[in-house]
Amino acid sequence: MSASAKEKFIVALDAPDASSTYQLLDRLGDSVSWIKVGLQLFTAEGPSIVRELKARGYRVFLDLKFHDIPNTAKEAVASAAKLGVDMTTIHLGGGAKMIAAAQSAVGDSGMLILGVTVLTSFDQAQLEGVGVHDPVESQVSRLVRLGYDNGARGIVCSPLELPVLRATYGDELTIVTPGVRPAGGDKGDQQRVMTPAEAIRAGASYLVIGRPITGAADPRAAALAITEEIASA
Ligand SMILES: O=C(O)c1cc(=O)[nH]c(=O)n1[C@@H]1O[C@H](COP(=O)(O)O)[C@@H](O)[C@H]1O
């Protein structure tokens, strides 16, 4: 198992509270190095959970998907940078001014802002339901262009969009892909999915994987199997 494979995947710890988070981390042991703290856990526990994970030596992706007026998004990003997280998210649908304002708050923190495009739970019908009649891939490309032109160098999208984004931007973007399922795994509410090996081969910088690990009978074994799959991709 190579260390770089382990560093290419981020476990989404969508847990209800700190104690279940720490129990899960005990079971995972040294099989993970990146943790994503999302809306559920952050709303329950606040910044203290982030500080504790950083104190334990994890790299932390704080995924709160900021989408607001430019000043509010900028100040929220500044707060995330102050917390010392390694990555955070904004919705690129917040528009040019919001993206640029958010980007301006990174300062010298070294934190990477990831722009969320079309959620991986969306299929074409859902996209049309919010009034966008272009193909999903076109909408992703449009939002990535908006992000790129306003300073964003990190993107969240489904692995299905990787080939077109890598063809356009090469290695200029850090691309993080949720919607990853081991072969035969339960998709749950995800729509646009690939396996870990497929996503890495298509050019993902990092994979975000939650329930296939957190819901496994043996989460450590599930994490190690994913690392093996990444290493051999
Ligand atoms: O920003 C994200 O991380 C995100 C964007 C997206 O388009 N789709 C998506 O699933 N996510 C997050 O990625 C994680 C996926 O979890 P699982 O479906 O359990 O693997 C969840 O924490 C989602 O909030």
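Predicted model, so just to flag it, every value in this text is computed and none were measured.

Colleague: Describe the nonpolar core, naming the residues involved and giving the relevant values.
Modeller: Phe-9, Val-37, Val-77, Ile-90, Leu-207 and Ile-213 are the most contacted members of the largest nonpolar core, which has 65 residues in total. Among residues more than four places away in sequence, those in contact with Ile-90 are Lys-65, Phe-66, Val-77, Met-98, Ile-99, Ala-102, Ile-113, Leu-114, Gly-115 and Val-116. Core analysis: the second largest hydrophobic core is formed by 11 residues, Ala-12, Trp-34, Val-176 and Val-208 among them.

Colleague: Can you break down the sheet that holds strand β5 (residues 112-116) residue by residue, with the values?
Modeller: Spatial ordering of the closed barrel is given by β1-β2-β3-β4-β5-β6-β7-β8, a layout of 8 strands whose pairing is parallel. For this sheet the average axis-to-axis angle between neighbouring strands, irrespective of direction, equals 25°. The pairing of strand β3 (residues 59-66) with strand β4 (residues 87-91) spans 3 bridges and is classified as parallel. Bridge pairing in β4 places Leu-62 opposite Thr-88.

Colleague: With reference to specific residues and values, describe the side chain of Thr-21.
Modeller: Structurally, Thr-21 is set in helix α2 (residues 18-28). Setting aside residues no more than four positions away along its own chain, Thr-21 makes contact with Leu-13, Ala-15, Leu-41 and Ile-49.

The rules behind these values
Residues numbered from 1 in each chain as written. Predicted model: local features only at pLDDT ≥ 70, side-chain atom pairs only at ≥ 80, totals over all residues. Heavy atoms only, no water. Core = buried A, V, L, I, M, F, W, Y, C linked by side-chain atoms within 4.5 Å. Buried < 20%, exposed > 50% of the residue type's maximum accessible area, 1.4 Å probe, protein only. Contact = heavy atoms within 4.5 Å. Pairing = 2+ DSSP bridges. Helix = DSSP H or I, 4+ residues; strand = E, 2+ residues; numbered from the N terminus. Axes fitted to C-alpha atoms, helices over the stretch in contact; angles between N-to-C directions.

Remember that the coordinates give geometry; whether it matters functionally is a separate question.
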